[in-house]
Amino acid sequence: LAALEQAPDSPPLLSLYAHIVASEGQLDKAERLVERALQLAPEDPDVLRTAAEMAYLQGRDSEADRHSRDALALDPDDPHAHALLGVTAAERGRVRPAAGHLRTAAELDPAIEHHARAARLSEVAAHLLLIPLWPISRFGQGPVWIAGVLTLIITNQVAPSPIPGIVIIVWLAYVAYSWIAPPLLERWLERNRP
């Protein structure tokens, strides 16, 4: 605050203060600070990254992506912008782009452990053996579960025997695979990591 009194129009100080007030849950105030910083320095990578983070915190993923991409256009080696693009892609179920951005973030700054952990998890999610689980990543467990149950009910009502039994077996195998495959694949990839 003392620094901001001396330089009230400093984009780096406004961005830093936005982070501080956001960490205290004052997202509206943080948003106003970021808007002011963007007015003063619309092409500053740090300001763009802060704007992306604030947009993400408020659930505006498209805006967060736009600011992150703008930051990467100015600094292609910005690990935080890559990480944020990876996180928003993962939340949308886009496992391959998420893995690429998170891997790049981890490679650019290996000292940030949560980037490395996110990159490892995204590598597992993007693995070819987990392609059958991508609908869960994309739509969530609830909608996939509902679709599966509806399929079981409809098949049981309209399909001749033994098709409903086969559908039940396939569904149970899919559910078991969704529980067993990711942790086993994660352990296997961890053991075989160079």
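## Quick notes on the overall build of the chain
Inference 1: If you tally the helices and strands in the chain, you get 11 helices and 0 strands.
Inference 2: Along the chain, helices and strands appear, N-terminal first, in the series α-α-α-α-α-α-α-α-α-α-α.
Inference 3: Relative to the 2.2 N^0.38 estimate, which gives 16 Å for 194 residues, the radius of gyration of the chain is 22 Å and therefore markedly larger than a compact globule would have.
Inference 4: Along the longest, intermediate and shortest principal axes, the C-alpha atoms of the chain span 80 × 40 × 30 Å.
Inference 5: Classification of the 194 residues of the chain by burial places 35% in the buried group.

## Examining the environment of Leu33
Inference 1: Among the structural elements, Leu33 can be located in helix α3 (residues 27-40).
Inference 2: Taking the C-alpha atoms as reference points, Leu33 and Pro143, separated by 110 residues in sequence, lie 38 Å from one another.

## A closer look at the side chain of Ser15
Inference 1: Here Ser15 lies in helix α2 (residues 11-23).
Inference 2: Classification of Ser15 as buried rests on a relative accessible area of 4%.
Inference 3: With residues up to four places along the chain from it excluded, the contact list for Ser15 reads Ala37, Asp46, Val47 and Thr50.

## Here we look at the nonpolar core
Inference 1: Grouped together as the largest cluster of nonpolar side chains are 14 residues, with contacts concentrated most on Ala30 and Leu33.
Inference 2: Contributions of two or more residues to this core are made by α2, α3 and α4 (45-57).
Inference 3: Ranked by residue count, the leading element in this core is α2, at 5 residues.
Inference 4: Setting aside its immediate chain neighbours within four residues, Leu33 contacts Leu14, Tyr17, Ala18 and Val21.

## Some remarks on helix α7 (residues 95-108)
Inference 1: Taking 1.5 Å per residue as the helical rise, α7 with its 14 residues ought to reach 20 Å, and the 20 Å between its terminal C-alpha atoms agrees with that figure.
Inference 2: Taken residue by residue, α7 has Val95, Ala98, Ala99, His101, Leu102, Ala105 and Ala106 as its buried positions.
Inference 3: At its buried positions, α7 is contacted by α5 (61-74), α6 (79-91), α8 (113-125) and α9 (134-139).

## Here we look at the pattern of salt bridges
Inference 1: Under the counting rule described, the total for this entry stands at 9 salt bridges.
Inference 2: Note that Glu186 and Arg117 form a salt bridge whose closest N and O atoms lie 2.8 Å from each other. On the criterion of sequence distance, the pair formed by Glu186 in helix α11 (residues 163-191) and Arg117 in helix α8 is long-range, its members being 69 residues apart.
Inference 3: The exposure class assigned to Glu186 is partly exposed, which follows from its relative accessible area of 25%.

## Observations concerning a nonpolar patch on the surface
Inference 1: Where nonpolar side chains cluster on the molecular surface, the patch consists of Trp145, Ile146, Leu150, Ile153, Ile154 and Val158 and spans about 630 Å² of accessible area.
Inference 2: You can see Ile153 is positioned in helix α10 (residues 141-158).

Reading the values: rules and limits
- Residues numbered from 1 in each chain as written.
- Predicted model: local features only at pLDDT ≥ 70, side-chain atom pairs only at ≥ 80, totals over all residues.
- Heavy atoms only, no water.
- Helix = DSSP H or I, 4+ residues; strand = E, 2+ residues; numbered from the N terminus.
- Rg over C-alpha atoms; globule rule 2.2 N^0.38 Å.
- Buried < 20%, exposed > 50% of the residue type's maximum accessible area, 1.4 Å probe, protein only.
- Contact = heavy atoms within 4.5 Å.
- Core = buried A, V, L, I, M, F, W, Y, C linked by side-chain atoms within 4.5 Å.
- Expected span 1.5 Å × (residues − 1).
- Salt bridge = Lys/Arg side-chain N within 4 Å of Asp/Glu carboxyl O.
- Patch = residues over 30% accessible without salt bridge, like charges linked within 9 Å, V, L, I, M, F, W, Y side chains within 5 Å.
- Areas by Shrake-Rupley, 256 points an atom, 1.4 Å probe, with all protein chains shown as cover.

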